[in-house]
Structures are given as C-alpha cells and as structure tokens.
Amino acid sequence: MASSRASEAEDYVFLPSGVAEETLRAFGDGQAVDSRDTAAAVLDDSKKKSRRRMDYWLKALSPEVILDNGLLWSVLGESAEGLYVVRKAGFNKLQWMIAAAAGGTDCASSALGGFVAASAEWIAADILANRFRQAQFKASRGVDTNPWFESARRYMHVAVHLGWASELICMSVAHEVADQSDKYAELSIVTPNAVSEIFKWVEAKGLSRDADVSDGPAVGVPELSGDALALLDALSLSPGLLRGSPSDALMPDLRNEEYPFVRFTSGVMPISDREASCRLELALFSLARRLLKDDKDRSDLFEATVRRSLQLTVPSDMVVGDGEAACPIPDSKNPGETDFVLRGVASTYIGECKSMVASPKATSVINSFQTDVGKATDQVKVRMEALAAGAMITVDGQPWESPRGSIYGLAVPLHDYGGAVWHHDCLPLVGGLTPELGVIPLHQLVIVMRAMRSEKDLAAYLRFRSALIGMGYESFDELDLLVPFLFPAEHEAQQPWQGKGPDFVPPSLHLGIEHRARLSDPAPKSADAWRRRLKDIVRIKTGDDRLPPFPAQAS
C-alpha cells in the first residue's frame with residue numbers, strides 16, 4: 001500500500017494549494033463528515049475551473065500542434081505536469097482531444113503547456129474526488145455503485161490490451177468479411193491485406209516518432225495500398241471536427257475508439273495511439289454498426305469473429321464448432337441457437353456473445369452490463385442445462401459430439417463495462433459468478449486461451465478466477481486473475497485472501513505491461529511461448545526456475 005500512498009501524495013501536488021490543503025485536512029484521521037463534504041465540494045469546484053482552462057487552451061491551440069514531435073516531447077517529458085499526465089493517463093486521450101477539438105492556430109509550447117497543466121489539475125481533482133465518494137458512501141470499486149471507474153477507463157490505462165491480440169481479432173473480422181462477401185458487401189473495404197498493412201503502418205509510425213524524438217536513425221514508414229487507405233479513411237475524422245465541445249465531456253467521449261485516426265492535410269495519423277495499435281477491433285466493429293443495415297448481420301459478424309479467434313488460440317486438445325450451432329431446449333419449441341461451442345475430450349463449452357457498443361454515459365454502463373451480459377449468461381445457462389438433460393448439439397444442422405462429463409459456459413462481450421466483468425459486486429447481478437461460467441471480453445479471452453495448454457487448464461482457470469473474484473479480490477483486468485493462476489508460486493496474489501481483504505489492489509494495473517509488450521510482438525505460437533513472454537512482461541521474478549527469455553517465434 002506504500003506505492004498507493006505515494007501515488008496519492010503525487011495527486012495533491014497538482015491541485016491548487018488551497019484545494020490541496022482542504023483535501024488533506026479532510027482525509028486526516030478523525031475529521032468530521034462536514035469537513036469531507038466541504039473538501040468534496042472544493043474538488044468539484046477545482047474540476048470546473050481546470051475544465052474552463054482546458055477549454056480556453058483548446059480554443060487557442062491548433063490541431064496541427066500534435067504533429068510536432070519535438071514540441072510534444074519537450075512539454076510531456078520535461079515538465080512535472082506532462083510527466084504526471086503520462087503516468088496517470090498516457091497522452092492517448094488528450095492527444096486525440098487536441099486533434100479532434102482544438103479550434104485555433106496557436107502552435108506555441110506555452111499554449112500546449114497550458115493545456116497539459118490544466119489537464120493535470122483536472123485529472124488530480126477527478127481522482128481525489130472519487131476517493132471521497134468511496135469514503136463517504138463506502139462505495140466499492142464496482143461500477144454498480146461507482147461509475148467513476150467507467151469514466152476513468154475512457155481516459156486512463158486500466159484494462160490491458162495487446163497488439164498481437166488486436167491484430168488476430170481484426171484479421172478474423174477481415175477473413176469473415178472476405179468469406180461472406182455477399183452478406184457483408186457494405187464492409188468490402190475491410191480486407192485481410194488492408195488490416196495487415198495498417199498494423200504494420202501504425203507500428204512504423206510509432207517507431208518513426210520515437211526515433212524523431214530521440215534523434216535516432218530514421219525509420220521508414222511503408223506506403224499504404226489503395227485498399228488500406230480506404231479503410232484508414234473510414235476510421236478517421238477531420239481535425240477540429242469536435243471544436244467547441246467542453247473538455248469534461250471529451251474526457252469520457254468514446255469516439256476515439258471509433259475514430260483513432262485523424263485526417264490532416266499532410267496525411268492520416270494514428271492519434272489515439274492505444275486504440276490504433278492495441279484496440280483496433282473496437283473501431284472495426286463500430287464501422288460495422290455504421291455500415292451494416294441489418295442487426296442480425298452485425299451480430300453474426302461478431303459471433304463469427306469470436307469463433308475464428310478461438311480457432312486460432314484454443315488448446316490443441318479442443319475443437320471449436322465451425323458453423324451455426326444449436327442446443328435445442330427440451331420440452332419447448334426453443335431451437336436453442338448458440339453463438340459458439342467448443343469441446344475437449346471430457347468437456348463441452350457453450351458460448352454466447354454480445355457486441356453492443358458501450359453506453360455513451362458512464363453512469364448508465366451498469367444498466368447496459370445487466371441488459372447485455374445478463375441476457376448472455378441467461379442464454380448460456382439454459383443451454384448448459386439442456387445439454388446436461390440430454391440435448392444434442394448440432395453444428396450447421398448436423399449432430400456434433402459433445403461430452404457431458406463437464407459442461408461450462410462462456411459469455412463473451414466486446415467491452416469490459418468499466419471492469420464490471422471482473423468485479424465481485426457486479427457479476428452476481430448477471431448470474432456470472434459461478435465456477436462453471438466465465439464472463440470474459442473477447443480481447444482478454446484471446447489472451448487467456450493462448451495461455452492454456454489443455455482443456456484441463458481452461459476448466460481449472462474458470463474455477464480459479466470465480467473463486468478469486470468471489471473472495472473479494474479486486475481485479476482491474478483479466479491479467480490480475482491470469483497471472484496468479486499461471487505463476488502461483490511466484491505471485492503475491494497466490495493467497496490474496498490471507499491478510500489482504502477487499503482493499504487489496506493487485507499489481508498488474510501498475511506494471512506498464514502494454515509498454516513492455518511491443519506492438520511488434522508476434523502472436524505466440526503456443527501456450528508455452530505465450531507464458532514465457534507473459535512472465536517476462538509482467539516481470540515475475542523467481543529463483544533458478546525462471547523461464548528463459550521469449551524467442552521471437554517460439555514454437
């Protein structure tokens with residue numbers, strides 16, 4: 001908890017002195033409730049004032065200012081405010097805000113520095129105000145009582161996303177569109193070649209920018225084909241398109257997930273870096289929602305993408321049903337249509353998918369979670385019960401062998417709903433906290449499946465994560481559950497229930513995993529290869545049994 005206190009102290013530094021003093025007094029032991037009420041009001045007022053300053057600088061700044069790598073680095077890397085913003089939230093969202101909403105012509109470092117300083121104050125006040133809400137109302141970290149965690153997800157690095165997993169999912173989308181070209185004609189610009197080119201181009205752009213800032217050797221950026229440019233254009237918005245939008249509305253705005261690229265006169269640039277490199281599937285499914293007129297076609301695309309992604313990552317002793325699956329419900333006319341099925345030697349898995357877009361309002365994300373994920377878990381349970389009662393699974397109308405020794409379920413959404421999918425207070429709301437059923441977003445499911453050596457591993461992991469969450473373990477990402485499962489002897493979370501309690505915060509959130517997992521990391525070819533790499537990037541240290549370094553293409 002020492003690191004938590006250090007982080008908290010850092011937040012105070014970026015508040016105006018009077019606000020910091022009032023906040024510190026209220027957090028002191030034995031202070032009256034009215035003192036805390038006063039401090040909360042002071043923090044809210046500080047947020048309003050810093051938002052007005054952010055708005056002022058956004059009106060003055062030119063969107064083109066973010067194209068000056070040297071200027072960006074001098075403001076972000078050489079000022080306390082810039083370093084704080086990078087540590088807390090990266091510059092991902094703020095960079096996109098400038099590109100999308102700046103409305104002026106000022107490209108001076110003083111203007112950019114003014115915006116960054118105001119942003120640091122707003123972020124610090126927002127973080128501390130949430131701590132007051134938790135203290136005053138004894139709110140848990142679950143988004144059901146504390147929607148701040150969904151707001152924070154939209155401008156801070158919370159859940160971990162990896163480039164190879166995103167590319168695998170996006171390529172699955174592209175191959176499905178190509179194989180069903182008539183059905184998905186409106187998405188003809190989403191081709192395997194275009195997707196592959198864009199990932200390589202985004203990586204080269206990032207390396208080129210880094211080289212420019214560090215005065216390193218120049219990095220060549222590949223030319224994009226016409227197909228890739230067409231897809232890139234569909235995922236881009238024009239600079240200044242959102243000018244006039246208030247900063248505190250832009251912070252939780254989800255459009256950087258839909259449009260991570262910005263179309264400057266000099267060319268398109270990946271501005272929302274994290275979405276462009278590690279979460280591009282969000283932009284592709286947003287594009288599908290805009291272009292595909294039929295709701296069923298949109299659902300079918302997500303379901304087929306999940307199946308394809310699983311086929312590339314499940315353990316070698318498991319098989320994914322390749323087609324439309326069903327598990328007819330006994331004593332009813334319900335055909336039991338099922339989004340996906342997979343089986344091992346002794347187990348069968350029933351899967352349901354929900355690709356609904358995240359709620360525009362952070363405060364209502366729990367409602368979307370209960371509606372979307374609750375429907376998926378209900379459907380999974382009905383089909384699990386049907387299979388246990390003797391129902392026969394079919395795939396494309398043909399009987400599909402399905403062992404009944406162990407029956408499990410997977411509910412696979414696209415989003416994590418502000419971390420609700422990992423929270424002990426939220427999962428019971430959708431019946432998702434049982435040993436036989438896992439609620440795991442697609443991106444994280446790919447990461448998990450690639451680490452499983454066998455069907456026994458997968459079953460054991462589902463039971464482990466359910467037990468860990470049920471004990472009140474605070475999880476911010478699937479890796480907070482996966483890492484202690486894979487490396488129990490080396491990880492502090494091996495026995496989190498001993499002397500920890502519900503306030504224990506797992507370490508994965510603060511490990512900088514995405515920065516150590518390079519965009520150029522290839523998709524691991526085996527569970528052992530992924531375990532070696534994962535152990536390296538989360539910096540698990542052991543004695544003589546430390547796994548060897550991750551080879552570029554380990555088998």
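Placed above this text is the structure.
Keep in mind the model is a prediction, meaning the values are calculated, not measured.

Basis of the calculations
Residues numbered from 1 in each chain as written. Predicted model: local features only at pLDDT ≥ 70, side-chain atom pairs only at ≥ 80, totals over all residues. Heavy atoms only, no water. Patch = residues over 30% accessible without salt bridge, like charges linked within 9 Å, V, L, I, M, F, W, Y side chains within 5 Å. Areas by Shrake-Rupley, 256 points an atom, 1.4 Å probe, with all protein chains shown as cover. Salt bridge = Lys/Arg side-chain N within 4 Å of Asp/Glu carboxyl O. Lys, Arg positive; Asp, Glu negative; His and termini not counted. Charge placed at Lys NZ, Arg CZ, Asp CG, Glu CD. Helix = DSSP H or I, 4+ residues; strand = E, 2+ residues; numbered from the N terminus. Pairing = 2+ DSSP bridges. Buried < 20%, exposed > 50% of the residue type's maximum accessible area, 1.4 Å probe, protein only. Core = buried A, V, L, I, M, F, W, Y, C linked by side-chain atoms within 4.5 Å. Contact = heavy atoms within 4.5 Å. Axes fitted to C-alpha atoms, helices over the stretch in contact; angles between N-to-C directions. Polar contact = N/O pair within 3.5 Å; in protein donor to acceptor, adjacent residues only side chain to side chain. Parallel < 35°, antiparallel > 145°, perpendicular 65-115°, else oblique. Left-handed = near helix turned anticlockwise from the far one by under 90°. Nonpolar A, V, L, I, M, F, W, Y, C, P; charged D, E, K, R; others polar. Arc of directions from axis to C-beta. Phe/Tyr/Trp six-rings, centres within 6.5 Å; stacked < 30°, edge-to-face > 60°. Lys NZ or Arg CZ within 6 Å of the ring centre and 35° of its normal.

Student: In this structure, what is going on with a negative patch on the surface? I would like to understand it.
Tutor: Where like charges cluster on the molecular surface, the negative patch consists of Asp322, Glu324, Glu337 and Asp396. Note that Asp396 resides in the loop between strand 9 (394-395) and strand 10 (398-399).

Student: Looking at this structure, how should I read the pairing of strand 3 (residues 267-270)?
Tutor: Bridge count between strand 2 (residues 261-264) and strand 3: four bridges; the pairing is antiparallel. In the strand pairing of strand 3, Arg263 is matched with Val268. What sits between the antiparallel neighbours strand 2 and strand 3 is a turn of two residues.

Student: Just to check I follow, could you spell out unusual backbone geometry for this structure?
Tutor: Most peptide bonds adopt trans geometry, and most residues besides glycine take a negative phi value. Phi is positive for Asp331, which is not a glycine, with a value near 60°. Structurally, Asp331 is set in the loop between strand 5 (325-326) and strand 6 (337-338). The residue Tyr417 is not glycine, and still its phi comes out positive at about 55°. Within the secondary structure, Tyr417 sits in the loop between strand 11 (406-413) and strand 12 (437-439). In this structure Tyr417 comes out as buried when scored by relative accessible area, which is 2%.

Student: In this structure, what is going on with the nonpolar core? I would like to understand it.
Tutor: When a protein is soluble and globular, its nonpolar side chains tend to lie buried together. Grouped together as the largest cluster of nonpolar side chains are 109 residues, with contacts concentrated most on Phe261, Phe369 and Leu482. Residues Ala40, Val85, Ala102 and Tyr155 belong to the second largest nonpolar core, which totals 58 residues.

Student: What is the right way to look at the sheet that holds strand 1 (residues 236-237) in this model?
Tutor: Strand pairing within a sheet occurs via backbone hydrogen bonds; the two strands may be parallel or antiparallel. Judged by pairing direction, the sheet is mixed, and its three strands sit side by side in the order 1-2-3 without closing on themselves. The open sheet is flanked by strand 1 and strand 3, the only strands paired with a single partner. Running at roughly 80° to strand 3, helix 10 (residues 192-214) makes contact with strand 2 and strand 3 of the sheet.

Student: Even after reading the chapter, I still don't get the sheet that holds strand 5, so can you show me in this structure?
Tutor: The four strands lie next to each other as 6-5-9-10, forming an open sheet whose pairing is antiparallel. With partners counted over all chains shown, the strands left at the sheet margins are strand 6 and strand 10, one partner each. Relative to strand 6, strand 5 runs antiparallel, the two being bridged by two bridges. By the bridge assignment for strand 6, Ala326 is matched with Glu337.

Student: So what exactly am I meant to see when it comes to the side chain of His161 here?
Tutor: Along the chain, His161 turns up in the loop between helix 8 (148-153) and helix 9 (163-179). A residue is classified by how much of its surface remains accessible, and His161, at 7% relative accessible area, is buried. There is a polar contact of 3.5 Å between the side chain of His161 and the backbone oxygen of Ala159.

Student: Would you take a moment to explain the packing of helix 9 against helix 16 (residues 295-311) for this structure?
Tutor: The geometry of a pair of packed helices is captured by two quantities: the angle between their axes and the separation between those axes. Running from N to C, helix 9 and helix 16 cross one another at 120°; their axes reach a closest spacing of 9 Å. With respect to their mutual orientation, helix 9 and helix 16 come out oblique. Helix 16 is crossed by helix 9, and the crossing has right-handed handedness. In this structure, helix 9 uses Leu168, Ile169, Ser172, Val173, His175, Glu176, Val177 and Asp179 to contact helix 16, whose residues at the interface are Leu301, Ala304, Thr305, Arg308 and Ser309. Looking at the contact of helix 9 with helix 16 residue by residue, the class counts come to six nonpolar, four polar and three charged.

Student: It is not clear to me how helix 11 (residues 226-234) should be interpreted in this structure. Could you clarify?
Tutor: Because each turn of an α-helix spans 3.6 residues, side chains separated by three or four positions end up pointing in the same direction. The complete set of buried residues in helix 11 reads Ala228, Leu231, Leu232 and Ala234. For helix 11, the angular spread of the buried residues around the axis is 160°, confining them to a single face. If you follow the buried residues of helix 11, they end up packed against helix 10, strand 1, strand 2, strand 3 and helix 15 (280-291).

Student: What should I look at first to understand the packing of aromatic side chains in this one?
Tutor: Think of a pair of aromatic rings as described by two things: how far the centres are apart, and how the planes are tilted against each other in angle. Applying the stated criterion to the full structure yields 10 aromatic pairs. Geometrically, the ring pair formed by Trp201 and Phe261 is tilted, given 6.2 Å between the ring centres and 45° between the ring planes. Taken as a pair, Trp201 in helix 10 and Phe261 in strand 2 lie far apart in primary sequence, 60 residues in all. Assigned by exposure class, Trp201 and Phe261 land together as buried. An aromatic cluster is present here, built from Tyr461, Phe464 and Phe485 joined pairwise through their rings. The ring of Trp400 has Arg343 lying over it, and the distance from NZ or CZ to the ring centre is 4.3 Å.

Student: Mind showing me how you'd approach the pattern of salt bridges here?
Tutor: Pairing of side chains with opposite charge becomes possible as their charged atoms draw close. All chains considered together, the criterion is met by 26 salt bridges. In this structure, Arg51 engages Asp248 in a salt bridge whose closest nitrogen and oxygen atoms are separated by 3.6 Å. Residue Arg51 is found in helix 3 (residues 33-60), and its partner Asp248 is found in helix 12 (residues 247-250); the two are separated by 197 residues along the sequence. Relative accessible area serves as the criterion here: at 24%, Arg51 is assigned to the partly exposed category. With a relative accessible area of 35%, Asp248 lands in the partly exposed category. A salt bridge links Arg263 to Asp233, with the shortest nitrogen-to-oxygen separation between them at 2.6 Å. Separated by 30 residues along the polypeptide, Arg263 in strand 2 and Asp233 in helix 11 bring together distant segments of the chain. The partly exposed category is assigned to Asp233, whose relative accessible area is 37%. The network of salt bridges with common partners includes Glu150, Arg153, Arg154, Glu257, Glu275 and Arg279.

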